[in-house]
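Architecture and fold: a report
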Amino acid sequence: EGVSSLEEEPCKEGIKLQPIKTVCLALGLSFLAILAVGFRTVILTSIVRFWSSCRDDFNQIIWNAIIDRIGEDPFTIHVYGTYILTNLVFWGFGSLYTYMDFKLAAREYKVQPGTNEPINKQKFWKMVRHVAFNQTVIAFPFNVFMFKFVEMRGIPDMRVLPSFHTALLQFAGFLIVEEIMFFYIHWLLHHRKIYKYIHKKHHEWTASVAFISLYCHPFEHLISNLVPVALGPILFGSHISVTWTWFCLAMLNTLNSHSGYHLPFLSSSEQHDFHHLKFNQCY
C-alpha cells in the first residue's frame, strides 16, 4: 500500500502541472505571433514608405522637367496646356478606335456586330468637323473662362506635386461631382420638350463610334461635357497635375464608352451603346 501511494503522488502532480504548461505554451506562442506581426508590419511600412518616397521623388523630377520646359505661367499652363493635352488624348486615342472602324478590325469585340461595316465616310467626316468646332469654338473659350474661377479659388504652387493620397481623395470627389451632374443634365436633355432641340444631334448615331463622344449641340457640349468634369478640380482647388490626370481619364472613358467595342481589360461600352440604340435607357 505504501508503494502504491508513492506511485500515485507524481501522477497527481503531473495532472496539476499539465494545465499550467498548456497556458504557458499558449502565451508563448501568442507572444511570438504578436512579435511576428509587429515585425512584418514594421518591415512592410518601411518598404511602403521607401517606395512612396522613390515614387514621389521620381514624379517630382519628371514634373520639374516639364515645368522647366513649358514655364510656370499659370494662364499658359491652365489654358493652353489643358487645351493641347486634352486634344492630344482625344484625337490620338480616338484615332485608334477609328482605325479599327475603317479597317474592320477586332470585329469579335464589336458590341453591335454588323453595324458601321463599312462606316459611312460622308457621315463620319461631317461628325468630325462638328467635333472640331466644339473643341475649338466652345472648349477653348471655356478654358479661358474657367481660369478666372481657378484664380479666385487659388492656384497651388506649380512646382510642388500633391501627395498620392491627396490626389486619390480628390479623384473620388471629382467622380461624385461629375456623376451626379452628368446624370441629371443628361436625363433632363432627354425630356420630350428639350430632346429634339439639343440632344437629338448626339443620337444621330444609333451605333456609336469613339469620336461621337463629343458630337453634340454646342450648348450640350458646354453644360454636359465640360462643366461636370471641370467643376470638381475647381471646388477642390486641385493642383494642375491632378486636374490634367482627371481630364485625361475622363477623355479616355468617354472615348471607350462610345467606341462600340468591348475590348479585353477595358470597361464595357455595352451600357452606353444600348443607350444609343434605345434612346431612353441607361442614362
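The structure contained in this document is the topic of the report that follows. (Residues numbered from 1 in each chain as written. Predicted model: local features only at pLDDT ≥ 70, side-chain atom pairs only at ≥ 80, totals over all residues. Heavy atoms only, no water.)

Below, the discussion takes up the overall build of the chain. Check the secondary structure of the chain and you find 7 helices and 0 strands. Secondary structure elements of the chain, listed N to C terminal, follow the sequence α-α-α-α-α-α-α. By residue count, 36% of the 283 residues in the chain fall in the buried class. By sequence separation, contacts in the chain at least 24 residues apart represent 77% of the contacts at least 6 residues apart. Roughly 17,300 Å² of accessible area belongs to the chain as shown, and the carbon and sulfur atoms make up 69% of that amount. (Helix = DSSP H or I, 4+ residues; strand = E, 2+ residues; numbered from the N terminus. Buried < 20%, exposed > 50% of the residue type's maximum accessible area, 1.4 Å probe, protein only. Contact = heavy atoms within 4.5 Å. Areas by Shrake-Rupley, 256 points an atom, 1.4 Å probe, with all protein chains shown as cover.)

Looking at the secondary structure, you find Lys110 in the loop between helix 2 (74–103) and helix 3 (121–153). Apart from residues lying up to four places away in sequence, Lys110 is in contact with Asp101, Thr115, Ser208, Ser259, Gly260 and Tyr261.

One can describe the packing of helix 4 (residues 164–189) onto helix 6 (residues 240–258) by two numbers: an axis separation of 11 Å at closest approach and a directional angle of 45 degrees. As far as their axial angle goes, helix 6 and helix 4 are oblique. Read as a crossing pair, helix 4 and helix 6 show a hand that is right-handed. Residues Ala167, Gln170, Phe171, Phe174, Leu175 and Glu178 of helix 4 pack against Val242, Thr245 and Trp246 of helix 6. Across the contact of helix 4 with helix 6, the residue classes tally to 6 nonpolar, 2 polar and 1 charged. (Axes fitted to C-alpha atoms, helices over the stretch in contact; angles between N-to-C directions. Parallel < 35°, antiparallel > 145°, perpendicular 65-115°, else oblique. Left-handed = near helix turned anticlockwise from the far one by under 90°. Nonpolar A, V, L, I, M, F, W, Y, C, P; charged D, E, K, R; others polar.)

What follows is about helix 6. For helix 6, built from 19 residues, the straight-helix expectation of 27 Å at 1.5 Å per residue is met to within 8% by its first-to-last C-alpha distance of 27 Å. Among the 19 residues in helix 6, 14 count as buried, and that is most of the element. Backbone geometry just after helix 6 places Gly260 at a positive phi near 85 degrees. (Expected span 1.5 Å × (residues − 1).)

By the definition in use, this model includes 4 salt bridges. Here the residues in one salt-bridge network are Asp68, Glu72 and Arg159, joined through shared partners. (Salt bridge = Lys/Arg side-chain N within 4 Å of Asp/Glu carboxyl O.)

The geometry of helix 2 relative to helix 6 is characterised by a closest axis approach of 10 Å and an angle of 25 degrees between their N-to-C directions. If you check the angle between helix 2 and helix 6, you find them roughly parallel. Of the two possible hands of crossing, helix 2 and helix 6 adopt the one that is right-handed. Facing helix 2, whose interface residues are Ile77, His78, Gly81, Thr82, Leu85, Thr86, Val89, Phe90, Phe93, Gly94 and Tyr97, helix 6 presents Ile240, Trp244, Phe247, Cys248, Met251, Leu252, Leu255 and Asn256. Taken together, the residues of the contact of helix 2 with helix 6 break down into 13 nonpolar, 6 polar and no charged.

Structural measurements only, silent on function.
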